[in-house]
Structure formats: structure tokens, C-alpha cells
Amino acid sequence: MYNLQQRANVLFSFAITAIGTILALVATISSISGYPCIESDIKVDSNTLRVVSRRYGPDYYDYGTPKSHFARLAFDLDADFTPIFNWNTKQVFVTVIAEYESKTHDRNSVVLWDTIIKSKEEANLNLRNIANKYALVDVSRKWSHQQANLSLHWDVTPYVGLIQGGHTPSQPANIILSPAAT
Amino acid sequence: MTLADYFEWTIDFEGQGLADQLTHLILISFAVIGFIVGYVSESLLITVGIFLVGLIIATVVILPPWPMYNRHPQKWLPSTKATK
């Protein structure tokens, strides 16, 4: 501590230790207390379900690609994520997932739609008539009357600490995925 | 005296002990205050902000060679002539 260089070294290294301890404490509190569970309501109008047989891609003209059965549906989502926003919440990543059983696989999960909530003000979701953002296609490229159930999943990105998440139980949604018309 | 010589900013031995105690005192107290205020007002930004203010205050109090760090200058023995 005799000269400036020594004092500056001690000062800044202790400052890093101190801020590191504060942030480690914040992360530990978050991982112990966790985040609450959310109740949500997803409603699907089965009239909005359409299945078409087409190729992947916007052009549709690559005749080397095989055709798949694409299902498209619209749903309403009600979920209040405000309890999840505490001092250590940076953003919440929300996804809607369709789950079904098929002949070849016991569990299939397809992400239909996702969003990122960045602040408490936009955390109360009351969305109507959302179309699925991502393709609802089966691995076998055909649908054969499987019943799909929708559920809501979320992942919380903290400022410091581990990523934690949760999901609602699957709600039977009365969607029967039938083969395409053609 | 060059600029590098000026910025030595040396302090005496007792002053070094005082500077050490002050860095711990200032930084720990601002860290604790920042944690409590941030927890109560639900904002991590406030916690880190209060700590940064504390760091700036600590820089001003500890780095320059204030007179309080030079109150006990080293007492050297008077020089003696070399005997043959």
C-alpha cells in the first residue's frame, strides 16, 4: 500500500470480490426460492385446423424435397407471467407445445409458437387467434388421426444464476390431426 | 520531477494500515446497503448502482496521498560520516 499502484490494485481487486459476493448471493437466493407456477388457459377452435400436403420452403419448387402433411391451427392464450418477474428476472421465454403419441414413437413434442417477455408490463398475455409460427409436421410426414394436447412451457433467464423453468400440464385440446385432403 | 515520479503518491506505514481498513469499510458497507436497498425496491440495477457509487467514493478517499496518511513519517537516524 506504499504507492498508488499498490493501493489501486488492492482497491479494485477487493471491489471485484465484493460485487462477486453480492451477485453470488443473489443467484443463490434465486435458486433456493425458485419461481412460482403459472396457470394458463389455451383454447383451440377445431374449425381453424387445416392440413395440407406440400413441400418445405417458401418457393415450393424444389421437386427433390418430398411432400409432408402440414397442420395449421389457431389458438387463444391467457397466461399471467407477472409473478415470475422478480429482481433477478431478465426475460421469460414462453413456448406452446403440442404433444401426441404415434405408432412409431411414444412421445412427440412439437413447438408451435414462442415469445420472449422482457418486462413486467408486457407479462400479462391475453392473445387471441394466434397461428402456429412453426410447422406442425410429423416425423413420418403424414398424419393418421393422432390427438394432440397443448401445453405451455416457460424458461426464466436470470441476471445471475441458473436458468429455471416450468410448464403447465397438457390440456386435451380436441385436435385430431387427420391426413391431408390430396 | 517527471509525471511518473509525481504519481508515486507514497504514504507512510501507519497510513497504509488506515488505507487498508478504509477500503474494506467503504466497499463492504456500500455492498451491504446496495443489497438491502435493491432487495427492497426489487431492482438489481439499484444494487449494482449503489455499489458503483461506493467504488467511486473509495477511489477518491484511498488513492490520493491525503495528509491523514502522512501523519507518521518514518524517523530516519541522522547521517554519520564514514569512519576510516
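Rules used in this analysis
Residues numbered from 1 in each chain as written. Chains lettered and ligands numbered in written order. Predicted model: local features only at pLDDT ≥ 70, side-chain atom pairs only at ≥ 80, totals over all residues. Heavy atoms only, no water. Helix = DSSP H or I, 4+ residues; strand = E, 2+ residues; numbered from the N terminus. Contact = heavy atoms within 4.5 Å. Buried area = accessible area lost by both parts, 1.4 Å probe. Salt bridge = Lys/Arg side-chain N within 4 Å of Asp/Glu carboxyl O. Polar contact = N/O pair within 3.5 Å; in protein donor to acceptor, adjacent residues only side chain to side chain. UniProt positions renumbered as here; feature names shortened; annotations may be inferred. Domains from an automatic or database assignment. Nonpolar A, V, L, I, M, F, W, Y, C, P; charged D, E, K, R; others polar. Expected span 1.5 Å × (residues − 1). Buried < 20%, exposed > 50% of the residue type's maximum accessible area, 1.4 Å probe, protein only. Axes fitted to C-alpha atoms, helices over the stretch in contact; angles between N-to-C directions. Parallel < 35°, antiparallel > 145°, perpendicular 65-115°, else oblique. Left-handed = near helix turned anticlockwise from the far one by under 90°. Pairing = 2+ DSSP bridges.

**Overview of unusual backbone geometry**
As a rule of thumb, non-glycine residues mostly have phi less than zero, and peptide bonds are mostly trans rather than cis. Residues and elements named next belong to chain B. Even without a glycine there, the phi angle at W9 is positive, about 50°. Within the fold, W9 resides in the loop between α1 (3–6) and α2 (13–40). Even without being a glycine, E42 presents a positive backbone phi close to 55°.

**Overview of the interface of chain A and chain B**
Chain A puts 22 residues into the contact, and the matching count from chain B is 29 residues. Across the chain A/chain B interface, buried area totals approximately 2,300 Å², and carbon plus sulfur atoms make up 79% of it. Summed over the three residues of chain A that lose the most area to chain B, namely A:R7, A:L11 and A:W87, the buried surface amounts to 31% of that side. For the interface between chain A and chain B, the tally reads zero salt bridges. Joining chain A to chain B, the criterion identifies five residue pairs in polar contact (both at pLDDT 80 or more).

**Topic: the UniProt feature "transmembrane region" (unreviewed entry) in chain B**
Residues and elements named next belong to chain B. The UniProt feature table records "transmembrane region" (unreviewed entry) at residues 22–40 and 46–66. Along residues 22–40 the backbone is 100% helical and 0% strand, and the end-to-end C-alpha distance reaches 27 Å. The span residues 46–66 carries 81% helix and 0% strand; its end-to-end C-alpha distance comes to 31 Å.

**A word on the domain arrangement of chain A**
Residue and element names in this part refer to chain A. On domain assignment, one finds that chain A holds domain 1 (1–33) and domain 2 (35–181). Relative placement of domain 1 and domain 2: their C-alpha centres are 43 Å apart. Between domain 1 and domain 2, the contact holds six residues from the first and six residues from the second. Interface area, domain 1 with domain 2, both sides summed: about 560 Å², of which 61% is carbon and sulfur. Across the domain 1-domain 2 interface, the total number found is zero salt bridges. The interface formed by domain 1 and domain 2 contains one residue pair in polar contact (both at pLDDT 80 or more). In terms of residue class, the side of domain 1 that touches domain 2 is built from three nonpolar, three polar and no charged.

**As for the environment of B:V53**
By secondary structure assignment, the location of B:V53 is in helix α3 (residues 44–62). Linking B:V53 and B:S79, residues 26 residues apart in sequence, is a C-alpha distance of 47 Å.

**What about α2(B)?**
Here α2(B) spans 41 Å end to end across 28 residues, near enough to the 40 Å set by a 1.5 Å rise per residue. Where α2(B) is concerned, the buried positions are B:G15, B:Q16, B:A19, B:L22, B:T23, B:I26, B:L27, B:A31, B:G34, B:F35 and B:G38. Check the buried side of α2(B) and you find it contacts α1 (4–33) of chain A together with α3 of chain B. Two or three places before B:E14, at the opening of α2(B), B:D12 has a side-chain oxygen 3.0 Å from that residue's backbone nitrogen. Just downstream of α2(B), B:E42 is the residue with a positive phi angle, here 55°.

**With respect to the packing of α2(B) against α3(B)**
Residues and elements named next belong to chain B. Packing of α2 against α3 brings their axes to within 8 Å, and their N-to-C directions diverge by 165°. One finds that α2 runs roughly antiparallel with respect to α3. Here α2 and α3 pass one another in a crossing that is right-handed.

**A few points about the side chain of A:N132**
Residue and element names in this part refer to chain A. Among the secondary structure elements, N132 is positioned in the loop between β7 (124–131) and β8 (146–158). Engagement of the side chain of N132 in a polar contact is seen with the backbone oxygen of A71, the distance being 3.4 Å. N132 has contacts with A71, R72, L73 and L112, leaving out every residue within four places of it along the chain.

**As for α1(A)**
Between its terminal C-alpha atoms α1(A) stretches 43 Å, which fits the 44 Å expected from 30 residues at 1.5 Å a residue. Listing the buried residues of α1(A) in full gives A:L4, A:R7, A:A8, A:L11, A:A15, A:A18, A:I19, A:I22, A:V26, A:A27 and A:S30. Buried residues belonging to α1(A) abut β9 (164–167) of chain A together with α2 and α3 of chain B. Downstream of α1(A) by one or two residues, A:G34 has phi in the positive range, about 70°.

**Here we look at the sheet that holds β7(A)**
All names here are of chain A. Read across the sheet, three strands follow the order β1-β4-β7 without closing on themselves; strand pairing throughout is antiparallel. Whereas interior strands pair on both sides, the edge strands pair on one side only; in this sheet they are β1 (40–44) and β7. Going across the sheet, the axis of each strand differs from the next one's by a mean of 10°, ignoring polarity. Pairing geometry for strand β4 (residues 74–80) and β7, over six bridges, is antiparallel. Its bridge partner lying in β7, D80 is registered against N124.

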